[in-house]
Amino acid sequence: MNIFTINSQTLRPVTLIEGIDSLLWKVSFQGESEFQIVTRRVRENKALVPVGSYIGTDADRSLMYVEKHDVRNNYDGQPTLTISGRGAEAYLEARSTVLEKPLEEGNQVLKNVYPIDVLHRIVWSGEKVHTLRYPYRFETRSGFDSKIGGIIPAYEIPRTNVYSALKGFCEAYGFGLKMVRPTYDDTDRTIVFDWKPGRNLVDRKNPTFNGVLGDVEEEQYVQDVRGRFDAVYAFAQRAWQGTYNSSSKGPSDYYTYRIKTVDFQDTEPKDMIKAADVEYAKAISQEGADLQKALVDLHNALNNLESFYYQKDLVKQRSKELHTISQKDKAYSFKISPHANAVYGSDYELGDVVSVLPSFGESVNMRVVSYVRIEEEGNVTEFPELEQYTGTVTL
């Protein structure tokens, strides 16, 4: 695998980086991609690959942002340069999502939009607030699909940097987050956001990685009942809600039925105008004082009603969320062999949900969260990293 410097204006390869003693190149689906180059050609490569520049590889279109140089003497006393950084999308930490009028009501809230609209808005705000333009496009598996992911009723873009906003959205809605090099057909665009959601490759009869066939080097399974509950009850001052397992026999299970209760204290709408915050002019008559008291009583009643509906929705949502989380009492971990039969790029890609058959039990759904390439002293090792996928497989 060859590593090249990248032109920061066109994002095209420029110069081959030579004299690399060891290389780590990790590309991630949603998490931080990273790289590390170790070279004894200190002066040459320090000048060729400056901090703040970009590098890429001929193995794929992944793009890395150089963030750090570290020169130290190695075991034989010779100076060694370590060049490291993260995926190019990390650069967007230096762009803000806040518009020119951040306090303008509703300017961070999008309603009835598709995911692509949210992504465009986040990236576009990063341009507008700094008056710096960068041509870009979003890439999906079937070209530009503006309706992929369905309609989102409402989404509030957080006031933060563009990278954090994109990462939070992609993690919440299951999309990938990578900034990659353009193809040579992209004559008018430089930045390409590869935000493809993963595919459903679950096949229990023909798992992607089969421990019996030597695809799995290390495996771990833990089941812990301490975090599992058959029923979760959420309480607030004026409302409560319970979520429970419909398959459970309930109290007749006696000593196996597990219940969790959660109490929410601060449960008032943030934008609610309280009666106590309203100032009235001093009444000049008893009739006026009685009218003011009636208005205050009515205002308090409306506040209580508003709080009730707010708390009702809150405890309903939270009881469901906590109950769903509490069902995940099994944890799996697998280290895939570099010699696994499935081939990256053809049999599976980043973000795909795959089946792994361990030496124990049934197959497990896992998501491919990163792919790692390591080169050292002429030896090359490549392998995927997986995380347990607990969602419903409808990708």
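Residues numbered from 1 in each chain as written. Predicted model: local features only at pLDDT ≥ 70, side-chain atom pairs only at ≥ 80, totals over all residues. Heavy atoms only, no water.

The next thing to look at is empty space enclosed by the protein. Applying the stated rule across the entire model yields two cavities of 30 Å³ or more. Around the largest cavity, the lining residues are Val27, Ser33, Ser62, Leu63, Met64, Gly87, Glu89, Lys178, Met179 and Val180. Those elements that provide at least two residues to the lining of the largest cavity are strand E6 (63-73) and strand E11 (178-180). Broken down by element, the residue count for the lining of the largest cavity peaks at three residues, all from E11. Residues that form the lining of the largest cavity fall into these classes: five nonpolar, three polar and two charged. (1 Å grid on protein atoms, 1.4 Å probe; cavity = no way out; pocket = protein on both sides within 12 Å on 5 of 7 lines; lining within 4 Å. Points joined across faces, edges and corners; volume = space filled by probe spheres on them. Helix = DSSP H or I, 4+ residues; strand = E, 2+ residues; numbered from the N terminus. Nonpolar A, V, L, I, M, F, W, Y, C, P; charged D, E, K, R; others polar.)

Turning to unusual backbone geometry, a few remarks are in order. Within the chain, asparagine 112 stands out as a residue other than glycine whose phi angle is a positive 50°. Counting through the fold element by element, asparagine 112 comes out in strand E8 (residues 109-113).

Taken together, the side chains of Ile273, Val278, Tyr280, Leu291 and Leu295 present a nonpolar region at the surface, about 450 Å² in accessible area. Relative to the elements of secondary structure, isoleucine 273 occurs in the loop between strand E18 (259-263) and helix H4 (286-326). Classification of isoleucine 273 as exposed rests on a relative accessible area of 58%. (Patch = residues over 30% accessible without salt bridge, like charges linked within 9 Å, V, L, I, M, F, W, Y side chains within 5 Å. Areas by Shrake-Rupley, 256 points an atom, 1.4 Å probe, with all protein chains shown as cover. Salt bridge = Lys/Arg side-chain N within 4 Å of Asp/Glu carboxyl O. Buried < 20%, exposed > 50% of the residue type's maximum accessible area, 1.4 Å probe, protein only.)

Tracing the sequence through the fold places valine 202 in the loop between strand E13 (200-201) and strand E14 (209-210). The class for valine 202 is partly exposed, based on a relative accessible area of 26%. Measuring from C-alpha to C-alpha, the distance between valine 202 and valine 354 comes to 4.8 Å, with 152 residues separating the pair along the chain.

So, on to the packing of aromatic side chains. The full count for this structure, using the stated rule, is 14 aromatic pairs. Pairing tyrosine 155 with phenylalanine 169 gives two aromatic rings, centres 5.1 Å apart and planes at 85°, and the pair type is edge-to-face. One end of the pair, tyrosine 155, is in strand E10 (residues 152-156); the other, phenylalanine 169, is in helix H3 (residues 162-173), and 14 residues separate them in sequence. Grouped by ring-pair contacts, the aromatic residues Tyr155, Phe169, Tyr173 and Phe175 constitute a single cluster. For arginine 258, the ring lying beneath its charged end belongs to phenylalanine 229, and the centroid distance is 5.1 Å. (Phe/Tyr/Trp six-rings, centres within 6.5 Å; stacked < 30°, edge-to-face > 60°. Lys NZ or Arg CZ within 6 Å of the ring centre and 35° of its normal.)

Grouped together as the largest cluster of nonpolar side chains are 30 residues, with contacts concentrated most on Trp25, Phe35, Ile55, Phe209 and Val356. Elements that contribute at least two residues to this core include exactly strand E3 (20-28), strand E4 (34-39), E6, strand E7 (79-87), strand E19 (330-336), strand E20 (353-357) and strand E21 (364-376). Once residues within four sequence positions are removed from consideration, phenylalanine 209 is found in contact with Asp215, Ile336, Ala340, Ala342, Tyr348, Val354, Ser355, Val356, Leu357, Pro384 and Leu386. Ala88, Val113, Leu166 and Phe169 belong to the second largest nonpolar core, which has 29 residues in total. (Core = buried A, V, L, I, M, F, W, Y, C linked by side-chain atoms within 4.5 Å. Contact = heavy atoms within 4.5 Å.)

This part takes up the confidence of the model for the protein chain. Averaged over the protein chain, the pLDDT score is 82; the fraction of residues at 70 or greater is 85%. Element-level pLDDT for the protein chain is lowest in strand E9 (residues 136-139), with a mean of 56, against a maximum mean of 97 in E4. In this model residues 102-106 is a low-confidence stretch, pLDDT under 50, and it forms two contacts with partners more than four residues away in sequence or in other chains. Ignoring residues within four places in sequence, the model shows residues 140-144, a span with pLDDT below 50, making 12 contacts including any to other chains. (pLDDT = per-residue confidence, 0-100.)

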